[in-house]
Amino acid sequence: MNIYQHILLAVDLSAASKQVAVKAKQLAEMNQAKLTIVHVAELMPMVDVNYDAMQSLDYDVEINQILLSNAEKNLAAFISEAKLNPQQQFLEQGDPRDEIIRIAEENQVDLIVIGSHGRHGLALLLGSTANSVLHHAKCDVLAVRLSDE
Ligand code: AMP
């Protein structure tokens, strides 16, 4: 019996992401479910802090373009190395906590697969993104327990 129809794999592209991908891939195969992958690039707002009213700087547009194109390459390499064959892939920018939830809702996802922690949460039992997604998702969430190899 297939329990899930559409699985969303969220990866921060840290070394541990592979462990999360393996589980999501297996679950998608077992359920004959659609597999979607999302990576959220966190961009750096560049501001001039020398004045009372912080002024944003023009060159942040260029730097963010470089960050995005880097993220695009890294995501493609990850998909290929993990031998994933996602039906859909999203490269978003912003806060991963909000973007993962938004993509899940807009695409009728019924299971989100994330890592128990990633780049932000090594010191915590459950990282901040994982925690937030567990609290705000309207669908099931699987937090894959990651070993810190
Ligand atoms: P964290 O709670 O930030 O330590 O990360 C926990 C998990 O949330 C990671 O293993 C990923 O599955 C997911 N995650 C964190 N950051 C991102 C990101 N930028 N893009 C996509 N997924 C993410």
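Please read all numbers here as calculations on a predicted model, not as lab measurements.

**Re the side chain of serine 17**
Within the secondary structure, serine 17 is located in helix H1 (residues 17–31). On the accessibility criterion, serine 17 (3% relative accessible area) is buried. Those residues in contact with serine 17 that lie beyond four places of it in its chain are Val11, Asp12 and Phe78.

**Examining the environment of leucine 146**
Assignment of secondary structure puts leucine 146 in the segment after strand S7 (140–144). Once the C-alpha coordinates of leucine 146 and isoleucine 114 are considered, the two residues, 32 residues apart in sequence, prove to be 9.9 Å apart. Apart from residues no more than four positions distant in its own chain, leucine 146 is found in contact with Ala16, Gln19, Val20, Gly115, Ser116 and His117.

**As for H1**
In a regular helix each residue adds 1.5 Å, so 15 residues correspond to 21 Å; H1 covers 21 Å between its end C-alpha atoms and thus fits that length. Buried within H1 are the following residues: Ser17, Val20, Ala21, Ala24, Leu27, Ala28 and Asn31. Axial view of H1: buried residues confined to an arc of 130 degrees, hence all on one face. When the buried face of H1 is taken as reference, the exposed residues oriented beyond 90 degrees from it are Glu29 and Met30. Looking one or two residues beyond H1, the residue adopting positive phi is glutamine 32, at roughly 50 degrees.

**Some details on the confidence of the model for the chain**
When pLDDT is averaged along the chain, the result is 88, and 86% of the positions lie at 70 or above. Looking across the chain, the model is least confident in strand S4 (residues 55–56), with a mean pLDDT of 68, and most confident in strand S1 (residues 6–10), with 98.

**Re the packing of helix H3 (residues 96–106) against helix H4 (residues 128–136)**
Two elements in contact, H3 and H4, have axes whose closest approach is 9 Å; the angle formed by their N-to-C orientations is 40 degrees. Relative to H4, the element H3 lies oblique. You can see that H3 and H4 cross each other, and the crossing is right-handed. Along its contact with H3, which presents Pro96, Arg97, Ile100 and Ile101, the element H4 presents Ser128, Thr129, Ser132, Val133 and His136.

**Things to note about the side chain of histidine 6**
Note on placement: histidine 6 falls in strand S1. A polar side-chain atom of histidine 6 sits 2.6 Å from a polar atom in the side chain of threonine 36. Among all residues touching histidine 6, those that are not within four sequence positions of it are Ala33, Lys34, Thr36, Gln88, Asn107, Gln108, Val109, Asp110 and Leu111.

**Notes on the environment of valine 109**
Residue placement: valine 109 occurs in the loop between H3 and strand S6 (111–115). Taking the C-alpha atoms as reference points, valine 109 and leucine 35, 74 residues apart in sequence, are found 9.3 Å from one another. Those residues in contact with valine 109 that sit more than four places away from it in its chain are His6, Leu8, Ala104 and Cys139.

**Side note on the pattern of salt bridges**
Taken as a whole and assessed by the stated rule, the structure comprises 5 salt bridges. Put simply, arginine 102 and glutamate 99 hold a salt bridge, and the shortest N to O gap is 2.6 Å. Of this pair, arginine 102 and glutamate 99 both sit in helix H3, separated by 3 residues, roughly a single helical turn. For arginine 102, a relative accessible area of 30% gives the class partly exposed. Arginine 102 is the partner of glutamate 106 in a salt bridge, and the nearest nitrogen-oxygen pair spans 3.1 Å.

Reading the values: rules and limits
Residues numbered from 1 in each chain as written. Predicted model: local features only at pLDDT ≥ 70, side-chain atom pairs only at ≥ 80, totals over all residues. Heavy atoms only, no water. Helix = DSSP H or I, 4+ residues; strand = E, 2+ residues; numbered from the N terminus. Buried < 20%, exposed > 50% of the residue type's maximum accessible area, 1.4 Å probe, protein only. Contact = heavy atoms within 4.5 Å. Expected span 1.5 Å × (residues − 1). Arc of directions from axis to C-beta. pLDDT = per-residue confidence, 0-100. Axes fitted to C-alpha atoms, helices over the stretch in contact; angles between N-to-C directions. Parallel < 35°, antiparallel > 145°, perpendicular 65-115°, else oblique. Left-handed = near helix turned anticlockwise from the far one by under 90°. Polar contact = N/O pair within 3.5 Å; in protein donor to acceptor, adjacent residues only side chain to side chain. Salt bridge = Lys/Arg side-chain N within 4 Å of Asp/Glu carboxyl O.

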